[in-house]
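Overview (structure and organization)
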Amino acid sequence: MSRLLDHLADLAGHRDRDTLDEAVMRLIDELICPQYVAIHRTVGSLEAPRWLTHVYKRHRGEPYRSYEATRDAGPTVPLESLPYHLTCLQSGEIVRVTQAPAHWLYPLQTDNEIVAVLEVWQLNAPSPEEARILSAVRRYYRHLRGLLDENERDALTGLLNRKSFDETFVRAALQLGNDVPAPQFKADERRRPLRNTRYWLGVVDIDNFKRINDEFGHLMGDEVLLLLGQIMRHSFRHEEHLYRFGGEEFLVLLSGDRPADARQALERLRTTVASHDFPRVGSLTVSIGYTELQPGDTPSAAFERADQAVYKAKRDGRNCCVDFDKLALDHPLAESANTGMVEFF
Ligand SMILES: Nc1nc2c(ncn2[C@@H]2O[C@H](COP(=O)(O)OP(=O)(O)OP(=O)(O)O)[C@@H](O)[C@H]2O)c(=O)[nH]1
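Overview of the structure. Predicted, not measured: the structure shown is a model, and the values here were computed from it.

**Let's talk about the packing of aromatic side chains**
Within this structure, the stated rule accounts for six aromatic pairs. Counting every residue linked through ring pairs, the aromatic cluster contains F165, F169, Y243, F245 and F303.

Structure, rendered in structure tokens:
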């Protein structure tokens, strides 16, 4: 009983989706001791969502076939590649894949949508008591996941908010220079090689957004913000962290091996936005500034650097990407003795 209470307390304290999923699976393992348990979460853009699988316990020490599929194709696979799971996601019904052993799929949902599929293998069909436990755990997940989303997401775009930015940023900055897996790869860390990951912070600012509000109204302005959020989700890998703090400024925390990787990803976003046809508004552009995270960096210092690069991009005519670190190299004498900041303008 006391272990159960420990698990429940543990669950309630979780601050991101990976650790919440892990805690839910640990609780299920403790309570019904299945042969295999995994959570398949949908990630990626709204148009092309994919499965991200987090296996907690493997069947007789061997990964089950669906996990093999995930492993072969990389960290995520298209929804259609796991058809039973897709049925569970779309119908919201519990799906029984095989009877013996009992291989069942359970939808996991928030108040608004089904967000994941819980996969459980047992030797026999769940007893009435086990079925009750699974149902209670799923209700608990619904409640906690709802709270988590509310706490860490921007209500308009569904992107992450300022609070989660600070937390992720600090984790990323702390592990710079340490040979440990990057924080966003927690769910897959057994499969990822250790390496020194580098991070960049990009600030994306819509050009002449005031004009859109003035010409088409605030509601249409909001629609543009929503669409830009969707384009960003489509444009970056699912594990990149995307944020909106409010207003018409968006942020992305990117990981990569070389500065060229960051530039390429941000350029891709810029050109995708420039060629997108926004309903009624037509075309629009974004200016992007970015900077590499340094060991011991703070969220506000990195944001300030990227924002200076945005300012430079606006001065250069908008619709372009500016690397703060390259500016700093090109203008070494512009560094202010008082603030340590580089002033280009
Ligand atoms: N619709 C809508 N507009 C917003 C929101 N937050 C800020 N804005 C508007 O965004 C506009 C930002 O305008 P400015 O900062 O002057 O910049 P801009 O017109 O985008 O021009 P540049 O950044 O120089 O290219 C202002 O008109 C704000 O009222 C929001 O949540 N929704």
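**Looking at the site of the ligand**
For the ligand, the set of nearby residues contains 16 residues, the closest of which are N208, F209, N213, D222 and R318. Within the backbone of H218, an N or O atom sits 3.2 Å from a nitrogen atom of the ligand. E248 is positioned with one of its side-chain polar atoms (N or O) 3.2 Å from an oxygen atom of the ligand. In the complex, 66% of the free accessible area of the ligand, which totals 670 Å², lies under the protein chains. Residue assignment for the shell around the ligand shows that the elements contributing at least two residues are β7 (198-206), α7 (209-216) and α8 (218-235). A per-element tally of the shell around the ligand places α8 first, with four residues. Of the residues contributing to the shell around the ligand, the split by class is three nonpolar, five polar and eight charged.

**Topic: the packing of α8 against helix α9 (residues 259-275)**
In contact at an axis separation of 10 Å, α8 and α9 are set at 135° when each is read in the N-to-C sense. As judged from the angle between their axes, α8 and α9 are oblique. Classified by chirality, the crossing of α9 by α8 is right-handed. When α8 is examined against α9, the residues L228, I231, M232 and S235 are found in contact with a partner set consisting of R268, L269, T272 and V273. Grouping the amino acids of the contact of α8 with α9 by side-chain chemistry returns five nonpolar, two polar and one charged.

**Let's talk about helix α5 (residues 128-152)**
Helix length check: α5 (25 residues) gives 36 Å between terminal C-alpha atoms against 36 Å at 1.5 Å per residue, within 8%. Among the residues of α5, I133, L134, V137, R138, Y141, L144, R145, L148, D149 and E152 are the ones counted as buried.

Cut-offs and rules
Residues numbered from 1 in each chain as written. Predicted model: local features only at pLDDT ≥ 70, side-chain atom pairs only at ≥ 80, totals over all residues. Heavy atoms only, no water. Phe/Tyr/Trp six-rings, centres within 6.5 Å; stacked < 30°, edge-to-face > 60°. Near = heavy atom within 4 Å. Polar contact = N/O pair within 3.5 Å; in protein donor to acceptor, adjacent residues only side chain to side chain. Areas by Shrake-Rupley, 256 points an atom, 1.4 Å probe, with all protein chains shown as cover. Helix = DSSP H or I, 4+ residues; strand = E, 2+ residues; numbered from the N terminus. Nonpolar A, V, L, I, M, F, W, Y, C, P; charged D, E, K, R; others polar. Axes fitted to C-alpha atoms, helices over the stretch in contact; angles between N-to-C directions. Parallel < 35°, antiparallel > 145°, perpendicular 65-115°, else oblique. Left-handed = near helix turned anticlockwise from the far one by under 90°. Contact = heavy atoms within 4.5 Å. Expected span 1.5 Å × (residues − 1). Buried < 20%, exposed > 50% of the residue type's maximum accessible area, 1.4 Å probe, protein only.

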